[in-house]
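# Close look at the chain arrangement
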Amino acid sequence: MKSLYDFDFLQNEVFYRSEHILKYLERHKDISALDREAIINTLLDALVYKGLMNPETQSLDFEQLCIRDDLDHMRYDKTPNVTSIPQEIKEAMRHKSIIIAGSIPVSMFCAKPASEIHTCIYDMNTAFSSLFDSFAFLLCDYDSPTRPGIRATERPFVEVNINGEAYLVDTLTKRIFKSSWFRTTYNMTVTDKIAFEDFDEERQKLYREHTTPSQQLATYYHLMGAMEDVFRTIPKMEEALFELEKSKENYPEAVAEMDIIIQDMRRLGLL
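First, a word on what this report is: a plain description of the structure on this page. Not measured: the values here are computed from a predicted model. (Residues numbered from 1 in each chain as written. Predicted model: local features only at pLDDT ≥ 70, side-chain atom pairs only at ≥ 80, totals over all residues. Heavy atoms only, no water.)

### Let's talk about the overall build of the chain
Where we set the bar: Under the DSSP-based scheme used, a helix requires at least four consecutive residues in state H or I and a strand at least two consecutive residues in state E, with every element numbered from the N terminus. The atom set for the radius of gyration is the C-alpha atoms, and the globule formula is 2.2 Å times the number of residues raised to the power 0.38. The contact criterion used is simple: two residues touch if any of their non-hydrogen atoms lie within 4.5 Å.
A tally of helices and strands in the chain yields 11 helices and 13 strands. What you see for the chain is a C-alpha radius of gyration of 20 Å, in line with the 18 Å of a compact globule of 271 residues. Taking the principal axes of its C-alpha atoms as reference, the chain extends roughly 65 × 50 × 35 Å. For the chain, long-range pairs separated by at least 24 residues make up 62% of all intrachain contacts whose partners lie at least 6 apart in sequence.

Below, the structure is given as structure tokens:
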């Protein structure tokens with residue numbers, strides 16, 4: 001048996017709905033059945049991705065938050081019904097910086113919690129879709145998983161293929177749902193859908209413009225730095241702040257550029 005708290009990776013680099021996942025569980029004692037399933041699968045994905053768990057011989061004891069050397073508890077599923085964005089995809093997001101994402105990495109753009117910072121879901125969906133060769137944009141009606149009796153309408157998703165399965169990506173909550181499961185479980189109907197292959201010439205041109213590689217991280221670092229102390233008091237900003245620091249490892253040239261900007265501003269008496 002090994003406690004999940006023994007793994008720095010889980011403590012510091014894995015998130016659920018923008019918060020550190022283990023802290024989320026501490027802060028939210030009364031989670032829904034959907035959240036429970038999503039959190040379990042998020043933990044399992046992270047553990048297997050990082051090589052911290054052998055899915056052939058070990059399972060997750062969610063009640064005790066530990067790994068057991070048996071298969072009697074929660075087992076890893078390569079294509080779960082619901083989970084957070086997989087770690088492998090998150091890593092790809094960290095290395096893709098495009099115009100529609102504000103010229104910052106997609107990981108940083110999509111990490112911003114909608115409840116704290118205004119972000120257009122259509123822009124987030126477009127940014128996420130750029131990681132895939134094939135995808136579709138959907139508008140869907142469905143029975144709310146968390147609000148009994150409420151019918152969500154015209155909710156936008158981007159649908160992509162992950163491990164051979166079609167998944168609906170909710171970039172606001174940072175959860176993904178197996179399309180076939182979500183359709184039947186929540187009585188989903190698609191009111192509008194367009195696949196990348198069906199884009200007309202004008203839409204293809206616009207999409208290419210939006211997903212053109214672009215990087216203006218130095219300015220973003222400076223702006224975020226002014227608010228960093230405030231953001232650190234907000235749990236839902238934990239993932240955004242982590243991705244901010246992670247990007248400095250992947251884009252060292254932007255850090256050097258930021259230092260030059262700060263030096264110039266000091267020289268001009270602006271700082």
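On we go.
### Looking at the nonpolar core
Operational definition: Nine residue types can take part in a nonpolar core, namely buried Ala, Val, Leu, Ile, Met, Phe, Trp, Tyr and Cys, and a core is a set of them joined through side-chain atoms within 4.5 Å. With a 1.4 Å probe rolled over the protein chains alone, any residue whose accessible area is under 20% of its type maximum counts as buried; one over 50% counts as exposed, and the rest are partly exposed.
Residues F128 and V160 are the most contacted members of the largest nonpolar core, which totals 40 residues. The greatest single-element share of this core, amounting to six residues, is contributed by helix α9 (residues 217–231). The residues contacting V160, other than those within four sequence positions of it, are F128, F132, F135, E165, A166, Y167 and V169. If you look at the next biggest cluster of nonpolar residues, it comprises 37 residues, including Y16, I21, A46 and C140.

### Some details on the pattern of salt bridges
The condition that has to hold: By convention in these notes, a salt bridge is any Lys or Arg side-chain nitrogen within 4 Å of a carboxyl oxygen on Asp or Glu.
Enumeration according to the criterion identifies 15 salt bridges in this entry. With a shortest N-O distance of 3.9 Å, E13 and K246 are connected by a salt bridge. Taken together, the residues span a long stretch of sequence, with E13 in helix α1 (residues 8–13) and K246 in helix α10 (residues 238–250) at a distance of 233 residues. Overall, the relative accessible area of 23% leaves E13 in the partly exposed class. For K246, a relative accessible area of 17% corresponds to the buried category. A salt bridge links E249 to K246, with the nearest nitrogen and oxygen atoms 3.8 Å apart. Remark: K246 and E249 occur in helix α10; sequence separation between them is three residues, near one turn of the helix. For E249, a relative accessible area of 57% translates into the label exposed. Connected through shared salt-bridge partners, E13, K246 and E249 make up one network.

### Brief notes about helix α3 (residues 33–49)
This is how the line gets drawn: Expected span of a helix: the number of residues minus one, times 1.5 Å.
Between the first and last C-alpha of α3 there are 24 Å, a value that for 17 residues agrees with the 24 Å anticipated at 1.5 Å per step. The buried fraction of α3 amounts to 12 of the 17 residues, a majority that puts the element mostly inside the structure. Residues L34, D35, A38, I39, I40, N41, T42, L43, L44, D45, A46 and L47 constitute the buried set of α3. Downstream of α3 by a residue or two, G51 has a phi angle that is positive, lying close to 75°.

### Examining the sheet that holds strand β1 (residues 2–3)
Formally: The rule for pairing is simple: two strands pair if DSSP sees at least two bridges between them.
Read from one edge of the open sheet, three strands run β1-β5-β4, paired in antiparallel fashion. Lying at the two open borders of the sheet, with one neighbouring strand each, are β1 and β4 (59–61). In terms of strand pairing, β1 meets strand β5 (residues 66–68) through two bridges, oriented antiparallel. By the bridge assignment, S3 is partnered in β5 with C66.

### Re the sheet that holds strand β6 (residues 82–84)
Note the following rule: Fitting a line to C-alpha atoms yields each axis, with helices limited to the stretch in contact; the angle taken between N-to-C directions then spans 0 to 180 degrees.
The strand order across the open sheet formed by six strands is β6-β12-β11-β10-β9-β13, and the pairing between neighbours is antiparallel. Strands with a single pairing partner mark the edges of an open sheet, and in this sheet they are β6 and β13 (189–195). Ignoring strand direction, the axes of neighbouring strands in this sheet form an average angle of 30°. In the sheet, β6 pairs with strand β12 (residues 175–178) via three bridges, with the strands oriented antiparallel. Looking at β12, one finds that V82 is bridged to F177.

### Considering unusual backbone geometry
Backbone geometry at R17 places phi at a positive 50°, although glycine is not the residue there. Within the element layout of this structure, R17 appears in the loop between β2 (15–16) and β3 (19–20). Of note in this structure, S103 is not a glycine but carries a positive phi near 60°. By the secondary structure assignment, S103 is in the loop between β7 (97–98) and β8 (104–105). Note on S103: relative accessible area 7%, which makes it buried.

### Observations regarding the packing of α9 against α10
Heads up, the condition is: Put simply, angles under 35 degrees are roughly parallel, angles over 145 are roughly antiparallel, angles from 65 to 115 are roughly perpendicular, and the rest are oblique. In a left-handed crossing the near helix is turned counterclockwise from the far helix by less than a right angle, and in a right-handed crossing that turn is clockwise. Lys, Arg, Asp and Glu make up the charged group, whereas Ala, Val, Leu, Ile, Met, Phe, Trp, Tyr, Cys and Pro make up the nonpolar group; the residues left over, Gly among them, are polar.
One can describe the packing of α9 onto α10 by two numbers: an axis separation of 11 Å at closest approach and a directional angle of 140°. Between α9 and α10, the angle is such that the two are oblique. Crossing angle aside, the handedness with which α9 passes α10 is left-handed. Note on element contacts: α10 touches α9 through L241, L244, E245, S247 and K248, opposite L217, Y220, Y221, M224, E228 and F231. In terms of residue class, the contact of α9 with α10 is built from seven nonpolar, one polar and three charged.

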